[in-house]
Amino acid sequence: MLSRQTRVLSRACPSHLRSFSIVQKIIYTETDEAPALATYSLLPIVNKFAQKAGILVEKTDISLSGRILSHFPEKLTESQRIPDNLAMLGELALTPDANIIKLPNVSASIPQLNDAITELRTQGYDIPLYPASPSTAEEKAIADTYAKVLGSAVNPVLREGNSDRRVAGPVKQYAMKNPHKMGGWSTASKSHVSHMSRGDFFASEKSACMPDATTVKIEFTGADGKTTTMKEGSALKAGEIIDASFMSKKALCEFFETEIANAKEQNILLSLHLKATMMKISDPIMFGHCVTTFFKPVFDKHAALFDSLGVNVRNGFADVYDKLESATADQKAEVMADIDACYESRPWLAMVDSGKGITNLHVPSDVIVDASMPCVVRDSGMMWNKDDELEDTKCLIPDRCYATAYAEVMNFCRENGQFDVATMGNVANVGLMAQKAEEYGSHPNTFEVPADGTMTVTDAEGNQIFSHSVETGDIWRMCQTKDEPIRDWVRLAVSRARATNEPTVFWLDADRAHDANIIQKVNTYLKDHDTSGLEISIKTPADAMRHACERAKSGKNTISVTGNVLRDYLTDLFPIIELGTSAKMLSIVPLLKGGGLFETGAGGSAPKHVQQFVKEGHLRWDSLGEYLALAVSLEHLGVVGDNHRATLLAKTLNMAIGRLLDNRKSPSRKVNEIDNRASNFYIGLYWAEFMAKEDPEYRDLARELLEKRGTIVEELSSCQGKPVDIGGYYKPDPAKADKAMRPSATLNSIFN
């Protein structure tokens, strides 16, 4: 029997599709930056293939601009309004009908949010400005609304399943045949990771497993005895693990001061690696403390001026420069002189853009730990200095929960040398992320402590679960991990171990409170599965990293089984080392209710791609991640809907990907060479050729593409080398973007 969704689609689909007995639907997310531009080129090609299989591929806007506009319908005209597509997709993810291809999206920092708001207002959208310091009820309501789109607002909604990330065969083979550049490591390298030894989240963490369903209340009691409810009514399920911990402001600032002085003494760069996008409450606060510690003489001397200007260090040191534009010329000159003097007395900072003078401390979203640390490993343990040269660096990762894993990979490379891309093994990942697991779901339960006192968590009966003595400015948080996702995570790990017969390691530390409870559940739920003949073990993150590195160095594969944060970190670290980018990983999320979410890789370099496209008409974004996600999405439809043609499309698309790589038709970085639009043409050509051998329905398409290949290639090449107007960065004009991304009239006539 067809599902309700399929019956609805059957009534709604175009008449030319109704001859097919099965009508299915793929949701293809419209996101941001380069991936969004690439969609204009790729999706018409995909639809041509999918329609012949009775599959509708529907674009759904969850871009940053789209999510902003969806929250202010009362401020917009009817034609400007956008529905809350993210909420609708969140509901779809809870059904067996879900088949969602999710492209990289902007996890907005406050500076990015402000830029997007400014652009939208310029385009005629009458949305409110973001109130940096809300004081009235209206301003607080606006700030609360914008908080819904800050940071990683998309992934927690859609990820109603655990993660299975691995490299596809054709991609791995290509990487080994064509190894990307890697910097050599010296045993004399002074680069290293520094983390706290006290006062961090690791030190203070407490954890409990709920015997029964309940609700909990978070309260703060000050030294004066006054109690404030920080949050109440948080529902917990039976078997759910909750944790509470805090980062000491005093210990954090002392750590920063000590390590800054140590970097100066060792004469190496200083760099800070956090994730202010995903950890949108805690990490911007920590980032701000690093800024004020590094530039302490400046902030001490000019505290009154900075306060009057509204400087917010949680937006990075760039906020000082921005706000100084409102100061007098004399004030600005004095501050700038003091900044220069501070630079002279401190270690050099790692640079984001040496030419523009943008340092590691300028903007919190410029250096994101899961993207930055793999590049440090790749580049001989070095980062760029102000002279645009690579130099050894001290990597500050304050919290020990995950810093030790990065410390270990740095130690391994120093002792054993760089990995050899041509021979190294693979480290796949099974990640616990469903239902906002662990720290990545902690934003609603994270607070900056207002005064000295006590933070407590109590259940519905008034029983105290946790209590922490805290001080002003400490960062306190509570995390939750539900039992159903943990059971499924263990099942998925055993399934991948059985499918590959490769060593499978749970990265868990018995000395960490949260992990100790997870280990108990892992040991219990492993008994539900046949693990005979499988090599499954539990190791601390540092030991597991050493084990994975040793195996990868000797050409052997390993499956890492991790929590949500390490899932995020490792699925950038090893792919960037192994493949040159994490965008080429196969990312499958088997949803708990039976549907599928298929993610297309990372988009960290997407802004630079857009800048180049606008400047010279060349989009170097590689849509390989989209191709891979589409293949497994079609494969899923073939299985759940008994759609033989969908299965064939998946098989032949993977073959086309292999040919695309072998024929070196991926986008080049240089203008007037192959770019994203040409790669999309070639994937369509190769896909049609392979399908034509399997299914006569595709023969005419393959023949026409082959016959007109020369004209199409010329049209896609001749359009480069000129500036391009797409009508906006966060919200491009659809007509302009479509024209720019589909410049071949010949190709368009085939796929329209």
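Note that residues are indexed from 1 along each chain, following the sequence as it is written. The predicted nature of this model means local features are confined to residues of pLDDT at least 70 and side-chain atom pairs, given and counted, to a pLDDT of 80 or more, with totals for whole chains, interfaces and linings taken over all residues. Side-chain descriptors were evaluated using all non-hydrogen atoms of the structure, hydrogens and water having been removed beforehand.

J.: Could you give an account of the overall build of the protein, with specific residues and numbers?
T.: Assigned secondary structure in the protein consists of 29 helices and 24 strands. For the protein, the C-alpha radius of gyration of 26 Å lies close to 27 Å, the compact-globule estimate for 752 residues. Counting all 752 residues of the protein, 60% fall into the buried class. Should any heavy atoms of two residues lie within 4.5 Å, those residues are counted as being in contact. Long-range pairs, those at least 24 residues apart, make up 78% of the contacts in the protein with a sequence separation of at least 6. Per-residue and other accessible areas were derived by the Shrake-Rupley procedure at a 1.4 Å probe size, with only the shown protein chains allowed to occlude residues. Accessible surface, the protein: about 29400 Å² in total, of which carbon and sulfur atoms supply 49%. The charge count treats Lys and Arg as positive and Asp and Glu as negative. His and the chain ends do not count. Every charge is mapped to an atom, namely NZ of Lys, CZ of Arg, CG of Asp or CD of Glu. In the protein, 84 side chains carry a positive charge and 98 a negative one; their mean positions are 5 Å apart. Helix and strand assignments follow DSSP, with helices taken as H or I runs no shorter than four residues and strands as E runs no shorter than two, numbered in order from the N terminus. Each radius of gyration reported is based on C-alpha atoms, and the globular scaling rule is 2.2 Å times the count of residues to the power 0.38. Working definition: with a 1.4 Å probe on protein chains only, accessible area under 20% of the residue-type maximum means buried, over 50% means exposed, and in between means partly exposed.

J.: Which residues make up the sheet that holds strand 6 (residues 206-209), and what are the values?
T.: Only strands that DSSP links by at least two bridges are regarded as paired with each other. Read from one edge to the other, the open sheet built from four strands follows the order 6-9-19-16, with strand pairing classed as antiparallel. On the outer flanks of this sheet lie strand 6 and strand 16 (446-448), each paired with one strand and no other. Strand-to-strand twist across the sheet, computed as the mean angle between neighbouring axes with direction ignored, equals 10°. Here the axes come from fitting lines to C-alpha atoms, over the contacting stretch only for helices, and the angles between their N-to-C directions go from 0 to 180 degrees. Against the sheet, helix 11 (residues 282-294) touches strand 9 (241-247), strand 16 and strand 19 (475-481), its axis set at about 150° to strand 19. Strands in contact with helix 19 (residues 513-526) are strand 6, strand 9 and strand 19; relative to strand 6, the strand with the most contacts, it is inclined by about 30°.

J.: Break down the nonpolar core for me, with residues and values.
T.: Within the largest apolar cluster, 61 residues are counted, with the highest numbers of intra-cluster contacts made by Phe49, Ile55, Trp687 and Leu705. The element contributing the most residues to this core is helix 25 (residues 676-694), with 11 residues. Not counting residues within four places of it along the chain, the set of residues in contact with Ile55 comprises Gln24, Ile26, Ala50, Leu634, Leu637, Asn643 and Ala646. For the purposes of this section, nonpolar cores are sets of buried Ala, Val, Leu, Ile, Met, Phe, Trp, Tyr and Cys residues that join through side-chain atoms within 4.5 Å. Core analysis: the next-biggest nonpolar cluster, separate from the first, contains 44 residues, Ile397, Tyr440, Ala548 and Leu566 among them.

J.: Break down helix 24 (residues 644-662) for me, citing the residues and quoting the values.
T.: Every helix has an expected span of 1.5 Å times one less than the residues it contains. The end-to-end C-alpha distance of helix 24 is 27 Å, a good match for the 27 Å that 19 residues give at a rise of 1.5 Å each. Every buried residue of helix 24 is accounted for by Arg645, Ala646, Leu648, Leu649, Ala650, Thr652, Leu653, Ala656, Ile657, Gly658, Leu660 and Leu661. On its buried face, helix 24 sits against helix 2 (33-51), strand 2 (55-61), helix 8 (169-177), helix 23 (624-640) and helix 25. By the criterion applied in these results, polar contacts are pairs of N or O atoms within 3.5 Å in which, for protein atoms, one can donate a hydrogen and the other can accept it, and in which residues neighboring in sequence qualify only through two side-chain atoms. The opening residue of helix 24 is Asn643, an N-cap whose side-chain oxygen sits 3.2 Å from the backbone nitrogen of Arg645. Taken from the residues just after helix 24, Arg664 is the one with a positive phi, measuring 55°.

J.: Please give an account of the side chain of Thr359 that cites residues and values.
T.: Within the secondary structure, Thr359 sits in strand 12 (residues 358-359). Here the side chain of Thr359 touches His362 through a polar contact of 2.9 Å, side chain to side chain. Aside from chain neighbours lying at most four places away, what touches Thr359 is Tyr343, Leu349, Ala350, Met351 and Val352.

J.: Residue-level account of the sheet that holds strand 8 (residues 227-236), with values.
T.: Pairing between sheet strands relies on hydrogen bonds along the backbone, with the strands arranged either parallel or antiparallel. An order of 8-7-17-18 is seen for the four strands of this open sheet, with the pairing classed as antiparallel. The outermost strands of the open sheet, each flanked by one partner alone, are strand 8 and strand 18 (464-470). Sheet twist, expressed as the mean angle between neighbouring strand axes with direction ignored, is 15°.

J.: An account of the pairing of strand 24 (residues 596-599) is requested, with residue identities and associated values reported.
T.: Every second residue of strand 24 is oriented toward a common face, with Gly596 and Phe598 on one face and Leu597 and Glu599 on the other, all of them buried. In this structure, strand 3 (residues 99-102) lies alongside strand 24, joined through four bridges in parallel fashion. Its bridge partner lying in strand 24, Ile101 is registered against Phe598. Where strand 23 (residues 585-590) meets strand 24, four bridges bridge the pair, whose relative direction is antiparallel. What sits directly across from Val589, in strand 24, is Leu597.

J.: So what's going on with the packing of helix 17 (residues 400-416) against helix 20 (residues 541-553)? Which residues, and what values?
T.: Put simply, helix 17 and helix 20 touch, their axes get as near as 8 Å, and they point 35° apart. Judged by the sense of rotation from one axis to the other, the crossing of helix 17 with helix 20 is right-handed. Between helix 17 and helix 20, the contacting residues are Cys401, Thr404, Ala405, Glu408, Val409, Asn411, Phe412, Glu415 and Asn416 on the first element and Pro541, Ala542, Met545, Arg546, Cys549, Glu550 and Lys553 on the second. Amino acids are sorted into nonpolar (Ala, Val, Leu, Ile, Met, Phe, Trp, Tyr, Cys and Pro), charged (Asp, Glu, Lys and Arg) and polar (every other residue, Gly among them). Looking at the contact of helix 17 with helix 20, its residues break down into eight nonpolar, three polar and five charged. Throughout, a crossing is termed right-handed when the near helix is turned clockwise from the far one, and left-handed when it is turned anticlockwise from it by less than a right angle.

J.: Describe in detail the pairing of strand 10 (residues 269-272), supporting the description with residues and values.
T.: The alternating pattern of strand 10 places Leu269 and Ser271 on one face and Leu270 and Leu272 on the opposite face, and all of these are buried. Bridging between strand 10 and strand 14 (residues 390-396) involves four bridges; their strand directions are parallel. Residue pairing across strands places Leu272 opposite Leu396, the latter belonging to strand 14.

J.: I'd like a description of the packing of aromatic side chains, backed by residues and values.
T.: Stacked, tilted and edge-to-face are the three classes applied to pairs of Phe, Tyr and Trp rings, where Trp contributes its six-membered ring and a pair requires centres within 6.5 Å; stacked means planes under 30 degrees apart, edge-to-face means over 60, and tilted covers the rest. A full pass over the atoms with the stated rule returns 20 aromatic pairs. With centroids separated by 5.2 Å and ring planes inclined at 80°, the aromatic side chains of Phe317 and Tyr321 adopt a geometry described as edge-to-face. Our definition puts a charge over a ring when NZ of Lys or CZ of Arg is within 6 Å of the ring centre and also within 35 degrees of the ring normal. Over the ring of Tyr40 we find Lys59, and its NZ or CZ is 4.6 Å from the ring centre. Sitting over the ring of Phe294, Arg346 keeps its end group 5.8 Å from the ring centre.

J.: Help me get a handle on unusual backbone geometry, residues and values and all.
T.: Within the chain, Asn501 stands out as a residue other than glycine whose phi angle is a positive 55°. Relative accessible area serves as the criterion here: at 57%, Asn501 is assigned to the exposed category.

J.: Before we move on, could you go through the packing of helix 25 against helix 26 (residues 699-707) and cite the residues and values that matter?
T.: Angle between the axes and distance between the axes are the two parameters that describe a pair of packed helices. Orientation of helix 25 relative to helix 26, taken along the N-to-C sense of each, is 135°, at an axis distance of 8 Å. In terms of their interaxial angle, helix 25 and helix 26 are classed as oblique. Classified by chirality, the crossing of helix 26 by helix 25 is left-handed. Contacts from Phe681, Gly684, Leu685, Ala688, Glu689 and Ala692 in helix 25 reach Arg699, Leu701, Ala702, Leu705 and Leu706 in helix 26. Across the contact of helix 25 with helix 26, the residue classes tally to eight nonpolar, one polar and two charged. Roughly parallel covers angles under 35 degrees, roughly antiparallel covers those over 145, roughly perpendicular covers 65 to 115, and oblique covers all other angles.

J.: Can you tell me about the environment of Gly594, naming the residues and giving the values?
T.: Topologically, Gly594 is positioned in the loop between strand 23 and strand 24. With a relative accessible area of 39%, Gly594 lands in the partly exposed category. The spatial distance from the C-alpha of Gly594 to the C-alpha of Leu94 is 8.4 Å, given a sequence separation of 500 residues. Beyond its immediate chain neighbours, meaning those up to four positions away, Gly594 contacts Pro96 and His636.

J.: I'd like a description of the state of the cysteines, backed by residues and values.
T.: Covalent bonding between the sulfur atoms of two cysteines is what defines a disulfide. Disulfide: a pair of cysteine sulfur atoms within 2.5 Å of each other. Per the counting criterion, the structure on display carries zero disulfides. This cysteine, Cys342, is not joined by any disulfide, and Cys290 carries the nearest cysteine sulfur, 11 Å off. No disulfide involves Cys375; its sulfur sits 11 Å from that of Cys395, the nearest cysteine.

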